[in-house]
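Examination of the molecular architecture
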Amino acid sequence: MRRYVALYFVIAFFLTSIIGGSVFTTYSQFIAEGPLLEKKEVYIPKGKSLKRIAALLYKEGVINSPSVFILGVRAAGNADKIKAGEYSFPKGASSKMVMLILASGQTYIRKFKVPEGLSSYQIVQLMNKAKGLTGTVERLPKNGSLLPDTYHYSYGDTKADMIARMKNAMDRTLVEVWAKRAEGLPFKTPKEAVILASVVEKETALKKERPLIASVFVNRLNKGMKLQSDPTVIYALTDGRYDMKRSLTYKDLRHESLYNTYYVKGLPRGPISNPGRAALEAVLNPADTKNLYFVANGKGGHTFSETYEAHKKNVKVWRSINKKVSQKTKSGVNAFKPKENSDKLPETSKEKK
């Protein structure tokens, strides 16, 4: 059967290319290695004729000759089988391979990766840079409503659909993790869990630390202590639209905002980022500790402590590592930051037990 198909293709190619010169020369050009020096994606719009498709592929450097490509496609009976969409062509793909890829309809699937801890504003900015996503975002999604993950899409998919997918993913995930929550947590609704998870997400990039960070905040909430989280101050100052290029000051800690957990007791007014599944699971099943403090350890993680006295010693170690910290607080030092070379506590720390 294959022999007859091959014979038919050769005869058909002969009939269509005879007016253009040597049959074997034309056919050899059709199956010869193409000009691509590396893999390339090309979008074929809807409604394009074979002639225009060939011209586009030639312009993009995918094929050597539009006429040879057209002859080969027609000879193979694939002129009406080419579908619109974005296709990926490998290095050196022959015109015949290009034809088979287009006729298969297996379009190129793109990836949109959303890192944990971004604000909705930052996610939309990433989306605006994603090649192939169309349309506009009419209304900025609320922080905490989008699930960070890697999403697959095709060229021409809309940003509105992508937003809807991220929202649905967050809704499904929240239902799953909320059903498995531990007892005795200091919040009663999934929304409150998202708020705390958004803070935990900004405090550490280490997955193994999230349950420990969560335990500190849960313990503080249970004791009626302020969370005193630096990322909430940063959010209050930036609205989650950009990264601060400086360290926080004591003036920043006194900034009057319902998002600033040095200013308000309990949770901030709303989520300060879009937390991932791991952060959600961490706040709903925090580590079993009595820790109330943590400080950067200079190795990318944190040192935890149960008492303020132990915490002050850990802060001293951190400051010996980071000698540049003087009168300004560093974003890695969390909860009760005494001034350099002074045992006097800042005003925000007077609830110390």
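1. Focus: helix α7 (residues 159-178)
Helix length check: α7 (20 residues) gives 28 Å between terminal C-alpha atoms against 28 Å at 1.5 Å per residue, within 8%. By the burial criterion, the buried members of α7 are Lys159, Met162, Ile163, Met166, Ala169, Met170, Thr173, Leu174, Val177 and Trp178. In an axial view of α7, the angular spread of the buried residues amounts to 145 degrees, which keeps them on one side of the axis. What points out from α7, more than 90 degrees from its buried face, is the exposed set Arg172 and Val175. Considering only its buried residues, α7 is in contact with β3 (110-113), α6 (120-129), β4 (150-153), α8 (190-203) and α12 (277-284).

2. Observations regarding α8
Since there are 3.6 residues in each turn of an α-helix, residues three or four apart along the chain are aligned in direction. Here α8 spans 20 Å end to end across 14 residues, near enough to the 20 Å set by a 1.5 Å rise per residue. Across the 14 residues that make up α8, a large majority, ten, are buried. Listed as buried for α8 are Ala193, Val194, Ile195, Leu196, Ala197, Ser198, Val199, Val200, Glu201 and Glu203.

3. Side note on the nonpolar core
Counting residues in hydrophobic clusters, the biggest one holds 45 residues, and the most contacted among them are Met166, Leu196 and Val283. Where this core is concerned, the elements lending two or more residues are α6, β4, α7, α8, α9 (210-223) and α12. In terms of residue count, the dominant contributor to this core is α7 (eight residues). Sequence-distant contacts of Met166, that is, excluding residues within four places in its chain, are made with Phe112, Val114, Ile123, Met127, Ser145, Leu146, Leu147 and Tyr151. Residues Phe30, Phe69, Ala93 and Leu102 belong to the second largest nonpolar core, which totals 22 residues.

4. Looking at the packing of α8 against α12
Axes are the key here: two packed helices are described by the angle between their axes and the distance separating the axes. Two elements in contact, α8 and α12, have axes separated by 8 Å at closest approach and are oriented at 115 degrees. Note on packing geometry: the crossing formed by α8 with α12 is right-handed. Contacts between α8 and α12 involve Ala193, Val194, Leu196, Ala197, Val200 and Glu201 from the first element and Ala279, Leu280, Val283 and Leu284 from the second. Residues that form the contact of α8 with α12 fall into these classes: nine nonpolar, no polar and one charged.

5. With respect to the environment of Ala79
Within the secondary structure, Ala79 is located in the loop between α4 (66-75) and β2 (85-89). In this structure Ala79 comes out as partly exposed when scored by relative accessible area, which is 32%. Placed 29 residues apart in sequence, Ala79 and Leu50 show a C-alpha to C-alpha distance of 6.6 Å. With residues up to four places along the chain from it excluded, the contact list for Ala79 reads Leu50, Val73 and Arg74.

6. Section: the packing of aromatic side chains
This model, assessed by the stated rule, comprises five aromatic pairs. Both rings, one in Tyr43 and one in Tyr155, keep their centres 4.2 Å apart while their planes meet at 20 degrees; by these two values the pair is stacked. In this pair, Tyr43 sits in strand β1 (residues 40-44) while Tyr155 sits in the loop between β4 and α7, placing the two residues 112 residues apart along the sequence. Residue class for Tyr43 comes out partly exposed when judged on its relative accessible area of 29%.

7. Quick look at the environment of Ser120
Structurally, Ser120 can be placed in helix α6. Residue Ser120 is classed as buried on the basis of its relative accessible area of 1%. When the C-alpha atoms of Ser120 and Ser273 are compared, they prove to be 7.1 Å apart, with 153 residues separating the residues in sequence. Ignoring sequence-local partners within four residues, the contact set of Ser120 consists of Leu140, Pro141, Lys142, Asn143, Leu146 and Asn274.

8. As for a positive patch on the surface
On the surface, a cluster of positive charge is made up of Arg139, Lys142, Lys167 and Lys191. Here Lys167 falls in the partly exposed class, since its relative accessible area comes to 35%.

9. Description of unusual backbone geometry
Even without glycine at this site, Gln228 takes up a positive phi of about 50 degrees. Of note, Gln228 is situated in the loop between α9 and α10 (230-238). Gln228 gets classed as buried once you look at its relative accessible area, which sits at 0%. Phi at Asp239 takes a positive value of approximately 60 degrees, unusual for a residue other than glycine. Within the secondary structure layout, Asp239 lies in the loop between α10 and α11 (250-253). The exposure class assigned to Asp239 is partly exposed, which follows from its relative accessible area of 43%.

10. Side note on the confidence of the model for the protein
On average, residues of the protein score 87 in pLDDT, and 84% of them reach the 70 mark or higher. Confidence over residues 325-333 falls short of pLDDT 50; this stretch has 30 contacts with residues more than four positions distant or in other chains.

Reading guide: rules and limits
Counting starts from 1 at the beginning of each chain's written sequence and moves along it residue by residue. Side-chain atom pairs in this predicted model are given and counted only at pLDDT of 80 or more, local residue features only at pLDDT of at least 70, and totals for whole chains, interfaces and linings cover all residues. Note that water and hydrogens are dropped before the side-chain values are worked out from all heavy atoms of the structure. Helix and strand assignments follow DSSP, with helices taken as H or I runs no shorter than four residues and strands as E runs no shorter than two, numbered in order from the N terminus. Between the first and last residue of a helix there are one fewer steps than residues, each counted as 1.5 Å, and that sum is the expected span. Each residue's exposure class comes from its accessible area (1.4 Å probe, protein chains only) as a fraction of the maximum for that residue type: buried when under 20%, exposed when over 50%, partly exposed otherwise. Directions drawn from the helix axis to the C-beta atoms are what define this arc. In this analysis, two residues are considered to be in contact whenever any of their non-hydrogen atoms come within 4.5 Å of each other. Residues belong to one nonpolar core when they are buried, are Ala, Val, Leu, Ile, Met, Phe, Trp, Tyr or Cys, and are joined through side-chain atoms within 4.5 Å. Helix axes are fitted to C-alpha atoms over the stretch in contact, other axes to C-alpha atoms as well, and angles between N-to-C directions run from 0 to 180 degrees. Throughout, a crossing is termed right-handed when the near helix is turned clockwise from the far one, and left-handed when it is turned anticlockwise from it by less than a right angle. Each residue is assigned to one class: nonpolar for Ala, Val, Leu, Ile, Met, Phe, Trp, Tyr, Cys and Pro, charged for Asp, Glu, Lys and Arg, and polar for all the others, Gly among them. Only Phe, Tyr and Trp rings are paired, with Trp represented by its six-membered ring, and only when their centres lie within 6.5 Å; those with planes under 30 degrees apart are stacked, over 60 edge-to-face, the remainder tilted. Patch criteria: residues need more than 30% relative accessible area and no salt bridge. Like-charged residues are merged within 9 Å; nonpolar side chains of Val, Leu, Ile, Met, Phe, Trp and Tyr are merged within 5 Å. Shrake-Rupley sampling with a 1.4 Å probe provides the accessible areas, and residues are treated as covered by the protein chains on show and by no other component. Salt bridges are counted wherever a side-chain nitrogen of Lys or Arg sits within 4 Å of a carboxyl oxygen of Asp or Glu. When charges are counted, Lys and Arg are positive and Asp and Glu negative, with His and the chain ends excluded. To locate a charge, the coordinates of NZ of Lys, CZ of Arg, CG of Asp or CD of Glu are taken. Each residue gets a pLDDT score, which is the predictor's confidence in that residue and runs from 0 to 100.

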